[in-house]
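One letter stands for each residue in the lines below.
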Amino acid sequence: MTSAPERLPDNDTYYMGVAVAVRERGNCTGNRIGAVAVLQNRIISTGYNGVPEGMKNCLEGGCLRCRNPNGRFPSGTGYDLCICVHAEQNLLLSAARFGIAVEGATIYSTMQPCFGCGKELLQAKVKRIVYLHPWTPSDADPEMDSSKKAEHEKLLAKFDTKRLSFKDPRAKWAVTALRKKS
């Protein structure tokens, strides 16, 4: 008796799997995020969140904000002192460094791009965003949260955006909000 041939995963599932693998290089004590840019069914750039090249990484105490998560810098504060580069930013910067155009690309990110990364992706003319975990703004001023969420949604509406249903066995390791719940 012959068994049915295995089905290959659809493109979104396949490329998200690559983004999950890229995330393993993330060296931030907060969210650990991987991102992959795909154009014409080819990976053209990847990125993960971490410190700029040549700097001591967060896991080794290199970032002042990451060294003080519960004391000096409560959730939503101190971002201007954080030296980490977001996964989507690293993806865009790597592509630029090597002269790779991202216009029209799809970005697969293990977390919905934040407001800043969303602006940068829009400016780079990325067409589509597929993400795994939602991003919500964290702010020391809860009254601002609804305004930030509304602006974030308005920005992401400029893309063809999809949240992918995908089993993520390392979600608690990667997503700060999930670690805090357990």
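That block above? That's the structure.
All figures in this text were calculated on a predicted structure; none of them were measured in a lab.

(A) Main features of the side chain of Ser45. By secondary structure assignment, the location of Ser45 is in strand 2 (residues 42-48). Within the structure, the side chain of Ser45 is placed 2.8 Å from the backbone oxygen of Leu91, a separation counted as a polar contact. When sequence neighbours within four positions are dropped, the list of residues in contact with Ser45 reads Ala35, Val36, Ala37, Leu91, Ser94 and Ala95.

(B) Spatial organisation of the packing of aromatic side chains. Taken as a whole and judged by the stated rule, the model has two aromatic pairs. With 5.4 Å between their ring centres and 40° between their planes, Tyr15 and Tyr108 make a pair best called tilted. With a gap of 93 residues between them, Tyr15 in helix 1 (residues 11-23) and Tyr108 in strand 3 (residues 106-111) connect regions that are remote in the sequence. In this structure Tyr15 comes out as buried when scored by relative accessible area, which is 5%. Within the aromatic cluster, the residues linked to one another by ring pairs are Tyr14, Tyr15 and Tyr108. Directly above the ring of Trp173 sits Arg170, whose terminal nitrogen or CZ lies 4.1 Å from the centroid.

(C) Broad picture of the pattern of salt bridges. Overall, the coordinates contain seven salt bridges when judged by the stated rule. Residue Lys154 pairs with Glu151 through a salt bridge whose shortest N-O separation is 3.1 Å. Of this pair, Lys154 and Glu151 both sit in helix 5 (residues 142-156), separated by three residues, roughly a single helical turn. Judged by its relative accessible area of 37%, Glu151 is partly exposed. One network of salt bridges, in which partners are shared, links Asp12, Arg128, Asp160 and Lys162.

(D) Spotlight on the nonpolar core. Ranked by internal contacts, the top residues of the largest apolar core, which has 19 residues, are Leu91, Val102, Ile107, Leu121, Val126 and Phe159. Every element with two or more residues in this core is listed here: strand 1 (34-39), helix 3 (87-97) and strand 3. The element that contributes the greatest number of residues to this core is helix 3, accounting for four residues. With residues up to four places along the chain from it excluded, the contact list for Val126 reads Val102, Gly104, Ala105, Ile107, Leu121 and Phe159. Among the nonpolar cores identified, the runner-up in size contains 11 residues, and Tyr15, Val22, Leu132 and Leu164 belong to it.

(E) Broad picture of helix 1. A rise of 1.5 Å per residue sets the reference length of helix 1, with its 13 residues, at 18 Å; its end C-alpha atoms lie 18 Å apart and thus fit the reference within 8%. What helix 1 keeps buried is the set Asp12, Tyr15, Met16, Ala19, Val20, Val22 and Arg23. Across the axial projection of helix 1, the buried residues extend over an arc of 160°, all falling on one side. Residues of helix 1 that are buried in the fold lie against strand 1, strand 2, strand 3, strand 4 (128-133), strand 5 (160-163) and helix 6 (171-174). Where helix 1 begins, the side chain of Asp10 points an oxygen toward the backbone nitrogen of Asp12, at a separation of 3.0 Å.

Thresholds applied
- Residues numbered from 1 in each chain as written.
- Predicted model: local features only at pLDDT ≥ 70, side-chain atom pairs only at ≥ 80, totals over all residues.
- Heavy atoms only, no water.
- Helix = DSSP H or I, 4+ residues; strand = E, 2+ residues; numbered from the N terminus.
- Polar contact = N/O pair within 3.5 Å; in protein donor to acceptor, adjacent residues only side chain to side chain.
- Contact = heavy atoms within 4.5 Å.
- Phe/Tyr/Trp six-rings, centres within 6.5 Å; stacked < 30°, edge-to-face > 60°.
- Buried < 20%, exposed > 50% of the residue type's maximum accessible area, 1.4 Å probe, protein only.
- Lys NZ or Arg CZ within 6 Å of the ring centre and 35° of its normal.
- Salt bridge = Lys/Arg side-chain N within 4 Å of Asp/Glu carboxyl O.
- Core = buried A, V, L, I, M, F, W, Y, C linked by side-chain atoms within 4.5 Å.
- Expected span 1.5 Å × (residues − 1).
- Arc of directions from axis to C-beta.

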